[in-house]
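Structure at a glance
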Amino acid sequence: TQLLEQSPQFLSIQEGENLTVYCNSSSVFSSLQWYRQEPGEGPVLLVTVVTGGEVKKLKRLTFQFGDARKDSSLHITAAQPGDTGLYLCAGLYNQGGKLIFGQGTELSVKP
Amino acid sequence: KAGVTQTPRYLIKTRGQQVTLSCSPISGHRSVSWYQQTPGQGLQFLFEYFSETQRNKGNFPGRFSGRQFSNSRSEMNVSTLELGDSALYLCASSSLQTGGYTGELFFGEGSRLTVL
C-alpha cells in the first residue's frame, strides 16, 4: 500500500514567520503536486514537481522535490493571513495510476 | 474556460437512502476522478473514469459506484447510505497528455453530503 505522510498536521503561527511542511513516502513518485484548499472549496493546484532535486518558487512559496523522488517540502517565507488553508501533497506513483493524497496540513496564520 | 461543476452542493439524506452526485468536467478533459474527504481520513480516492471506462478504483465497498457519459460528464452513486458516508465528495477532471501525464487535477467545489 502506498502511503504519503504529511507533517505537521496542524500549524498555527504569527504573520511574518516562516514555516515548512513535509511530505514523505517509502515509494518513489513519478510526480508530486501540492494543493491548497480553503473552506467550502475544492483543492487548487499550486505546483507539480517531476525531477529529483527540483526546486520551484511561487512568490513566497518554495517547493522542493527530494533527490530520490520519495519526499517533498513546502516552505513559506514571511507567512501572511491569506496563506491560511489546508495544504495537501499528492503523489503519482506511475503514469497510469491514481493520485494519492497526504492527510494535509492545516495552516493558520494570525495577524 | 468554465471550471469543474458539481451538483448538488449540499444535500441531506437518511440512513438506507441512496444518492446520486453529478460532475461536469472542464471542457476537453476526458478523465474524471472522485474523492471522498472527511476530517479523519483526508482525501480518499474512489474511482477514475476515462472515455466512459473505469480506469482505477479505490478501496470502497460496492455501495459506491460511478459512471461516465460520452460527453465526459460523470455521476457517482451511493446506495444504502450509512452515517459514515457523511463527507465532502470531490470531483476532479484532468487533461491526460500522451507520454507526459503528471497527474494534475482540477477540482470542483464538492458536494457536501450529510447522512442522518
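That block above? That's the structure.
Here, residues in each chain are numbered from 1, in the same order as that chain's written sequence. The order in which chains are written sets their letters, starting at A; the order in which ligands are written sets their numbers, starting at 1. Given that this is a predicted model, residues contribute local features only at a pLDDT of at least 70 and side-chain atom pairs are listed and counted only at 80 or more, while totals for whole chains, interfaces and linings are drawn from all residues. Excluding hydrogens and water, the side-chain values take into account all heavy atoms of the structure.

**Some words on the interface of chain B and chain A**
Going by this rule: By the convention used here, residues are in contact when the closest approach between their heavy atoms is within 4.5 Å. Buried area: the accessible surface (1.4 Å probe) lost by two parts on joining, summed over both. Just to be clear on terms, a salt bridge is a Lys or Arg side-chain nitrogen sitting within 4 Å of an Asp or Glu carboxyl oxygen. The definition of a polar contact used here is a pair of N or O atoms within 3.5 Å, where within protein one atom must be able to donate a hydrogen and the other to accept one, and adjacent residues in sequence count solely through side-chain atom pairs. The numbering of helices and of strands both runs from the N terminus, where a helix is a DSSP run of H or I of at least 4 residues and a strand a run of E of at least 2. Under the grouping applied here, Gly and all other residues not named as nonpolar or charged are polar, the nonpolar ones being Ala, Val, Leu, Ile, Met, Phe, Trp, Tyr, Cys and Pro and the charged ones Asp, Glu, Lys and Arg.
Tallying the contact residues gives 24 residues for chain B and 21 residues for chain A. Contact between chain B and chain A buries roughly 1700 Å² in total, counting both sides, with carbon and sulfur atoms accounting for 51%. Across the contact surface, chain B and chain A share 0 salt bridges. Linking chain B with chain A are 6 residue pairs in polar contact (both at pLDDT 80 or more). Counting only elements with at least two residues in the side of chain B that touches chain A, the list comes to strand S4 (31-38), strand S5 (42-50), strand S6 (53-57) and strand S9 (87-94) of chain B. Among the residues making up the side of chain B that touches chain A, the classes are represented as 8 nonpolar, 11 polar and 5 charged.

**Quick look at the packing of aromatic side chains**
Using the following cut-off: Geometry of aromatic contacts follows a simple scheme: Phe, Tyr and Trp rings, the Trp one being its six-membered ring, pair when their centres are within 6.5 Å, and the pair is stacked under 30 degrees between planes, edge-to-face over 60, tilted otherwise.
Under the criterion given, the structure shown has 10 aromatic pairs over all chains. Ring plane angle 70 degrees and centroid distance 5.5 Å describe the contact between Tyr35 of chain B and Phe45 of chain B, whose orientation is recorded as edge-to-face. Placement of Tyr35 of chain B in strand S4 and of Phe45 of chain B in strand S5 is noted, with a sequence separation of 10 residues between them. Ring pairing ties together the aromatic residues Tyr35 and Phe101 of chain A together with Tyr35, Phe45 and Phe107 of chain B, which thus form one cluster.

**Considerations on the environment of Ser93 of chain B**
All names here are of chain B. As a reminder, the rule being used: Exposure classes here rest on a 1.4 Å probe applied to the protein chains alone. A residue is buried below 20% of its type maximum, exposed above 50%, and partly exposed in between.
Along the polypeptide, Ser93 turns up in strand S9. We classify Ser93 as buried; its relative accessible area is 0%. The spatial distance from the C-alpha of Ser93 to the C-alpha of Arg30 is 7.3 Å, given a sequence separation of 63 residues. For Ser93, the contacting residues outside a window of four places in its chain are Val4, Pro25, Ile26, His29, Ser31, Val32, Glu104, Leu105 and Phe106. A polar atom in the side chain of Ser93 sits 3.4 Å from the backbone nitrogen of Ile26.

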